[in-house]
Amino acid sequence: LNSVIAVDEDSGTLSTFSPPPGSTNLIQNPIGMVKDLPRNRILVHQALASFDDANPEFVAIDLTSGSQSIFDSPDFDEPYLNHTPSSMVTVGNIAYIADRQIRYFDRNGNLVPEGTENTIKGFSGIVYKLDLNSGARTVVSNRDVPEVEDGGSIQHPLLDPISLAYNPTNSTLYTLDAGRLIAISAGDGKRTLLSLTDSDKKAFSLRAPRMLDIDVATQQLYLLNDSGENTALDPTVVKIDIATKIAKNLSSTSLPENGDYRLRKVNGISYSADEGVIYLLEDALDAVLQVNTTTGARTLAAATGPVDGKTYTSNIAPSDVFFRNDNQTYLLENRFSTVFGYNLYFGGKDILNNSATNNVEANDEVLITPYRGAWDPINETMLLANINGRFVTFDPSTKEANMVRNVGAVPTDIVVDAEAGVAYASFAIAILRLDLRDEYRNEVLSANGRPDFANSFSNIEGIAFDKENDRLLAADSGVNAIVAINPSTGSRTYFSPPSATPDDEGVLTLPRAIVVDQPNNRALVLDTGRKAILAADLTTGERTVVYEYAEASPRQLFTPVQMRIHPTFNYLLLLDSTTNMLVALDLTGETPQTVNLTR
């Protein structure tokens, strides 16, 4: 969200700390942040898209007000920085920063200055220190520091340092670099490779380590590893004794045995000296976890929503969202065949189905990984499509599931025409019609060859029912057009045809979802290629861009996979697979705004 979020340590309450309301946001591509307490601020370090990017490399945030300012730092004359600081730690008036440096070579392999013609660009790692008062940068360690004695070789050259921890006891920086743990003398930049062993003196290997922190008082390092013991992705907290170089797995999916809050996707680790605990930022749970440094046990410190100890309630792989009425919304999640009920007015979230908790034998499971769904108002039930190609009804009141049809393929979308008592399911090159009043009997309404081959489908991603014009509209990413389908005959016409040239203003590139905004006489199309929402006039089919979500600040949509329109308020609800969030977007004003529907 390009924001700094504050968490109350006692209650776990979350709030936006920066930017303050109504102020310009300088946070655009943040990598991380550190506290700079002598100057009562936080320093956010962020990556630049290019050397010409105006995005500030360091943003200072006042700890009292949350106000932002640019922290200017003069660049090196040489070496040339890539300006993608991967890690930053502060010590008094100094910050130590890990980055990559750029080196330029001629065709004979000789180093040459930036700007020399016919050069080859190379990268290597660098750790430098930044004076937090003056902004001056000084190299601590890179390919040229410390200098190599005549005939000597560079010891453990830095390739791409990604995490730093500072030990004031011996003025040493520890960094993770290309899967290695390296100690760097803060005084002369000398590097030492740390070879780790377990308690039996056997080699302890690191597998994709990516973050570390230090407990100075007990001289222990904590790093985030990927042990791979149980799954392909198995985040593990490793505890390392600095003096003996003995390492052990402290907290993981299997440690402690039967532990709560199993780790899925950890994106941050921080040791709290005041409390003597480790904090983990668990992205799959949208939660902050506290880890006991002795037992490895995990407890919940804060979360954005309900999180149970076994992680059954958390959104990890949401696939669809649909409405029952103006407040009751349903969410489908691939993991554990979960169906959530979510109240848009009050924010309540309930588990309606979960294969890990519903005490149904695996052989008796009917609802298996629901992928697409719609509310069936005729039978007062959900109509869901399993990933195995079976249509299933699911009653949210009785939580009973029944298999009604096996079509052998998974639909890309489902819409309902309540007045006609039918549902339409789209597949890549076909649309199926299901009779809601006759046990969901189905027939192919439109496909390549039915009723003919005119305007054949290529890859339907989503469909919508245009009630006023009595037609279905299909967003087809294969032809990058919107196809109209006659619900009686199945005949197809290009309602909004492919663009004549790729630079047309309203060109479609990868349309993913479509809804009908009847009050405004338009269809709204989610175009994931353009990273935008386009409007297509329901009379002419002419397209215009109404919202470019990649350009929004703060950005809240990254990889939207589904889009619905609210039946009462006309808000768009978009399901994002990157953040696993449900985002509401109001398009009625001059500038589209995200809104909070709960009250």
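Up top is the structure these notes are about.
Described below are features of the structure shown in this document.

Basis of the calculations
Going along each chain's sequence as written, the residues are numbered from 1 onward. A pLDDT threshold of at least 70 governs which residues receive local features in this predicted model, and a stricter bar of 80 or more applies before side-chain atom pairs are shown or counted, although totals over entire chains, interfaces and linings include all residues. With hydrogens and water set aside, each side-chain value is computed from the structure's full complement of heavy atoms. Salt bridge criterion: a side-chain nitrogen from Lys or Arg within 4 Å of a carboxyl oxygen from Asp or Glu. When a residue's accessible area, from a 1.4 Å probe over protein chains only, is under 20% of the maximum for its type it is buried; when over 50% it is exposed; and in between it is partly exposed. Two aromatic rings, drawn from Phe, Tyr or Trp (for Trp, its six-membered ring), form a pair once their centres lie within 6.5 Å of each other, and the interplanar angle then sorts them: stacked below 30 degrees, edge-to-face above 60, tilted otherwise. Helical segments are the DSSP runs of H or I of at least four residues, strand segments are the runs of E of at least two, and each set is numbered from the N terminus. Lining residues are defined by having an atom within 4 Å of a point belonging to a cavity or pocket. Those points lie on a 1 Å grid over the protein atoms alone, cavities being sets where a 1.4 Å probe fits but cannot get out and pockets being open sets with protein on both sides within 12 Å along at least five of seven lines. Grid points are joined across faces, edges and corners, and a volume is the space filled by probe spheres set on the points. Three classes are used: nonpolar for Ala, Val, Leu, Ile, Met, Phe, Trp, Tyr, Cys and Pro, charged for Asp, Glu, Lys and Arg, and polar for all others, with Gly counted as polar.

**Some points on the pattern of salt bridges**
And step 1. Under the definition given, this model contains 18 salt bridges.
And step 2. Note that Arg441 is salt-bridged to Glu439, the shortest N-O span being 3.6 Å.
And step 3. We classify Arg441 as partly exposed; its relative accessible area is 45%.
And step 4. Between Asp466 and Arg471 there is a salt bridge, with its nearest N and O atoms 2.8 Å apart. Both residues of the pair, Asp466 and Arg471, belong to the buried class.

**Focus: the packing of aromatic side chains**
And step 1. Taken as a whole and judged by the stated rule, the model has ten aromatic pairs.
And step 2. Here the aromatic rings of Tyr80 and Tyr104 are separated by 5.5 Å at their centres, their planes lie at 70°, and the arrangement is edge-to-face. A residue pair is termed long-range when its members are at least 10 positions apart, and Tyr80 in strand E7 (residues 80–81) and Tyr104 in strand E9 (residues 94–105) qualify at 24 residues.
And step 3. When its relative accessible area of 8% is taken as the criterion, Tyr104 is described as buried.

**Regarding empty space enclosed by the protein**
And step 1. Under the definition given, this model contains two cavities of 30 Å³ or more.
And step 2. The computed volume of the largest cavity comes to approximately 40 Å³.
And step 3. Lining the largest cavity we find Asp517, Asn520, Arg522, Leu524, Asn570, Leu572, Leu587 and Thr588.
And step 4. Across the lining of the largest cavity, the residue classes break down as three nonpolar, three polar and two charged.
And step 5. The calculated volume of the second largest cavity comes to roughly 30 Å³.
And step 6. As for the second largest cavity, its lining consists of Arg372, Thr412, Asp413, Glu461, Gly462, Arg512, Ala513, Val561 and Gln562.

Any link to function would need more than the numbers given here.
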